[in-house]
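# Coordinate analysis (summary)
The residues making up each chain are set out below.
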Amino acid sequence: MITVLGAGGFIGAHLAAFLDRSGLPFQAFGREGPPPGRPLGHVVDCVGVTGDFRARPLDAVAAHVGRLPALLDAADFESFLYLSSVRAYRGGAGPAREETPLSLDPADPDALYDLSKAAGEALVLSLGPKGRIARLANVYGIGQRDTFLAAIIAEGKASGSLCLRSALDSEKDYVSVEDVVELLVKIALGGRRRTYNVASGIRISHGRLVAALAQATGWRIAVAADAPSVPFPPIDVSRIREEFGFAPRNLFDALPALVAAA
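A brief structural summary.

The rules behind these values
- Residues take numbers from 1 onward in each chain, read along the sequence in its written order.
- In keeping with the model being predicted, local features are shown solely for residues with a pLDDT of at least 70 and side-chain atom pairs are shown and tallied solely at 80 or more, while totals for entire chains, interfaces and linings include all residues.
- The side-chain numbers reported here are obtained from all heavy atoms of the structure, hydrogens and water having been left aside.
- At least two bridges found by DSSP between two strands is the condition for calling them paired.
- The helix count covers DSSP runs of H or I at least four residues long, the strand count covers runs of E at least two residues long, and both are numbered beginning at the N terminus.
- To define axes, lines are fitted to C-alpha atoms, for helices over the stretch in contact only, and angles between the resulting N-to-C directions are given on a 0 to 180 degree scale.
- Definitions used throughout: a 1 Å grid over protein atoms alone; a cavity as a set of points that fits a 1.4 Å probe which cannot get out; a pocket as an open set with protein on both sides within 12 Å along at least five of seven lines; a lining residue as one with an atom within 4 Å of a point.
- Grid points are joined across faces, edges and corners, and a volume is the space filled by probe spheres set on the points.
- All amino acids are sorted into three groups, where Ala, Val, Leu, Ile, Met, Phe, Trp, Tyr, Cys and Pro are nonpolar, Asp, Glu, Lys and Arg are charged, and the leftover types, Gly among them, are polar.
- Basic side-chain nitrogens of Lys or Arg form a salt bridge, by our definition, when they fall within 4 Å of a carboxyl oxygen of Asp or Glu.
- With a 1.4 Å probe rolled over the protein chains alone, any residue whose accessible area is under 20% of its type maximum counts as buried; one over 50% counts as exposed, and the rest are partly exposed.
- Between the first and last residue of a helix there are one fewer steps than residues, each counted as 1.5 Å, and that sum is the expected span.
- Note on aromatic pairs: the rings of Phe, Tyr and Trp (six-membered ring only in Trp) are paired at centre separations within 6.5 Å, and the planes decide the class, stacked below 30 degrees, edge-to-face beyond 60, tilted for the rest.
- Counted as over-ring charges are cases with an Arg CZ or a Lys NZ within 6 Å of the ring centre that also lie within 35 degrees of the ring normal.

## Quick look at the sheet that holds strand E5 (residues 131-136)
Strand order in the open sheet formed by six strands is E2-E1-E3-E4-E5-E9, with parallel pairing between adjacent strands. The two strands at the open ends of the sheet, each matched to only one other strand, are strand E2 (26-29) and strand E9 (195-198). If you compare each strand with its neighbour and ignore which way they point, the axes differ by 20° on average. Direction of pairing for E5 relative to E9: parallel, over a ladder of four bridges. From the neighbouring strand, Ile133 faces E9, where its bridge partner is Thr195.

Have a look at this one:
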């Protein structure tokens, strides 16, 4: 039995749909969580606050760590898989491996998300072998929201143009939600390690991404004069490649469907 928490969100909804198609036994709950005393089997915790965490710092901390002590103390589960983020590696030179020590600065206003996820990781890892972590890259797919990719596609469709607020040489690692949910099930049911990078392992620059969008749509592209360069370390995905035979889908193949669905 797999229990999905946060099934009303983007990843949680895709995970529940994948489990339903696969015929695997599962149960799904929203942010309110399961009723007390219910056996949960293998939990995949998809609850979180993403792109709007800056405007909702208290909600982000509550979602990522505040609700966990009571849940972990009372729930009946075989394992607990917590969704974290590769943002935890920001500022590092890379390649970012699961054992890479994290360096987080509480004085950085953008670090609240990373710090709250790191605190959630620590609580889940305190469970011992029952606790596992999946550090996700930038997840894309139909129904995406509150992400950089979703925002620029929405802007382009609305106006026929888009203006980047970060420089063209800025980079992100993008991973398909279809790849993510398949990996989460494999990790939850049989993962041999405690922490996994769930990413494509490929950095894509803003310049390459918007060039592909412009070619496909004819949108006009501009970059703000003061746009900063936002580098990101490469994410090492050898663990999921070697353990699960992972080969990522191609973001550029998915762009036409993402634009059409936005």
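## Remarks on the pairing of strand E8 (residues 171-176)
Strand direction decides the pairing type here: strand E6 (residues 138-140) and E8, joined by three bridges, are parallel. In the sheet register, Val139 faces E8, and the bridge partner there is Val175. Across three bridges, the pairing between E8 and strand E10 (residues 203-205) is antiparallel. The partner of Asp173 across the bridge, within E10, is Arg203.

## Re the layout of surface pockets
In this model, the second largest pocket occupies a volume close to 160 Å³. Around the second largest pocket sit Leu5, Arg31, Glu32, Gly33, Pro34, Val47, Ala62, Ala63, Arg67 and Leu71, which together line it. Taken together, the residues of the lining of the second largest pocket sort by class into six nonpolar, one polar and three charged.

## Some remarks on the pattern of salt bridges
Between side chains of opposite charge, a pair can form when the charged atoms approach closely. Taken as a whole and assessed by the stated rule, the structure comprises 12 salt bridges. With its nearest N and O atoms 3.3 Å apart, the salt bridge here joins Arg90 to Asp108. Taken together, the residues span a long stretch of sequence, with Arg90 in the loop between strand E4 (79-85) and helix H4 (112-125) and Asp108 in the loop between E4 and H4 at a distance of 18 residues. Look at Arg90 and you get partly exposed, because its relative accessible area is 27%. Asp114 is paired through a salt bridge with Arg90; the nearest N and O atoms lie 2.9 Å apart. You can see Asp114 sitting in helix H4 and its partner Arg90 sitting in the loop between E4 and H4, a full 24 residues away along the chain. Judged by its relative accessible area of 3%, Asp114 falls in the buried class. Connected through salt bridges with shared partners, the residues Arg87, Arg90, Asp108 and Asp114 form a single ionic network.

## Comments concerning helix H1 (residues 10-22)
Given a rise of 1.5 Å per residue, 13 residues ought to cover 18 Å, and the 18 Å separating the end C-alpha atoms of H1 matches this to within 8%. Within the span of H1, buried status applies to Phe10, Ile11, Gly12, Leu15, Ala16, Phe18 and Leu19.

## Examining the packing of aromatic side chains
For the structure shown, the criterion picks out two aromatic pairs. Sitting over the face of the ring of Tyr82, Lys117 holds its NZ or CZ atom 5.1 Å from the ring centroid. Here the guanidinium or amino end of Lys130 rests over the ring plane of Phe77, the centre of that ring lying 5.4 Å away.

Without other data, these values stay purely geometric and don't point to any function.
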